[in-house]
Amino acid sequence: MSLYRSFLFLTTAVTLMFSAHTRAADGIIHFTGSVVDSDCHISQIQSSFQASCYRNGKVFRQSTTINEANGKVFLPENLGWTQIELVDEEKNLKLLTINYY
């Protein structure tokens, strides 16, 4: 009978321990600090765009031809990705989306 009571006590204790974690679903988190890395500079040069990204004291550059950029094109040093979407074929308008990780 003692083994049964020990097992029952242990399972009850473990259940209560895990249930305390699931109930903590609210609260306030305070962040301090600042953003120390700048974003990438994107510039258009004729029919291509160039991404210049500054990280760890170095400048990383990557050029991509606009007409060949179908789908995602990753930024230098895998900092994020860019995507060009056709908006209006008649007016040759395209949308450049930049996403950072």
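The structure under discussion appears in the preceding block.
This is a predicted model, so every value here is computed, not measured. (Residues numbered from 1 in each chain as written. Predicted model: local features only at pLDDT ≥ 70, side-chain atom pairs only at ≥ 80, totals over all residues. Heavy atoms only, no water.)

Visitor: Can you help me understand the overall build of the chain in this one?
Guide: Within the chain, the regular secondary structure consists of one helix and six strands. Counting from the amino terminus, helix and strand elements in the chain follow one another as α-β-β-β-β-β-β. Counting every position in the chain, which comprises 101 residues, the buried fraction comes to 19%. Of all intrachain contacts in the chain linking residues separated by at least 6 positions in sequence, the fraction that spans at least 24 positions is 18%. About 8,700 Å² of surface is accessible on the chain, with carbon and sulfur atoms providing 55% of the total. (Helix = DSSP H or I, 4+ residues; strand = E, 2+ residues; numbered from the N terminus. Buried < 20%, exposed > 50% of the residue type's maximum accessible area, 1.4 Å probe, protein only. Contact = heavy atoms within 4.5 Å. Areas by Shrake-Rupley, 256 points an atom, 1.4 Å probe, with all protein chains shown as cover.)

Visitor: So what exactly am I meant to see when it comes to the state of the cysteines here?
Guide: Defined simply, a disulfide is a covalent bond joining two cysteines at their sulfur atoms. For the structure shown, the criterion picks out one disulfide. Between the sulfur atoms of C40 and its disulfide partner C53 the distance amounts to 2.0 Å. The S-S bond linking C40 to C53 shows a torsion near 115°; that makes this disulfide right-handed. With C40 in the loop between α1 (2-23) and β1 (41-45) and C53 in strand β2 (residues 48-55), this residue pair connects regions lying 13 residues apart in the sequence. Like C53, C40 is buried. (Disulfide = S-S within 2.5 Å.)

Visitor: Explain the sheet that holds β1 here, please?
Guide: Either a parallel or an antiparallel arrangement is found when strands of a sheet pair, and the pairing is made through backbone hydrogen bonds. The three strands lie next to each other as β1-β2-β3, forming an open sheet whose pairing is antiparallel. Every interior strand has two partners, whereas the edge strands, β1 and β3 (58-65), have only one. Adjacent strand axes in the sheet meet at a mean angle of 20°, parallel and antiparallel pairs treated alike. The pairing of β2 with β3 spans eight bridges and is classified as antiparallel. Its bridge partner being in β3, S52 is matched across the sheet by R61. (Pairing = 2+ DSSP bridges. Axes fitted to C-alpha atoms, helices over the stretch in contact; angles between N-to-C directions.)

Visitor: Can you walk me through the layout of surface pockets in this structure?
Guide: Remark: the empty space left among the atoms is shown by a probe the size of a water molecule rolled over them. As a volume, the largest pocket reaches approximately 170 Å³. Taken together, I42, S43, Q44, F49, I66, I84, N92, K94, L95 and L96 make up the full set of residues lining the largest pocket. Elements represented by at least two residues in the lining of the largest pocket include exactly β1 and β6 (93-100). Of the residues in the lining of the largest pocket, the class split is six nonpolar, three polar and one charged. (1 Å grid on protein atoms, 1.4 Å probe; cavity = no way out; pocket = protein on both sides within 12 Å on 5 of 7 lines; lining within 4 Å. Points joined across faces, edges and corners; volume = space filled by probe spheres on them. Nonpolar A, V, L, I, M, F, W, Y, C, P; charged D, E, K, R; others polar.)

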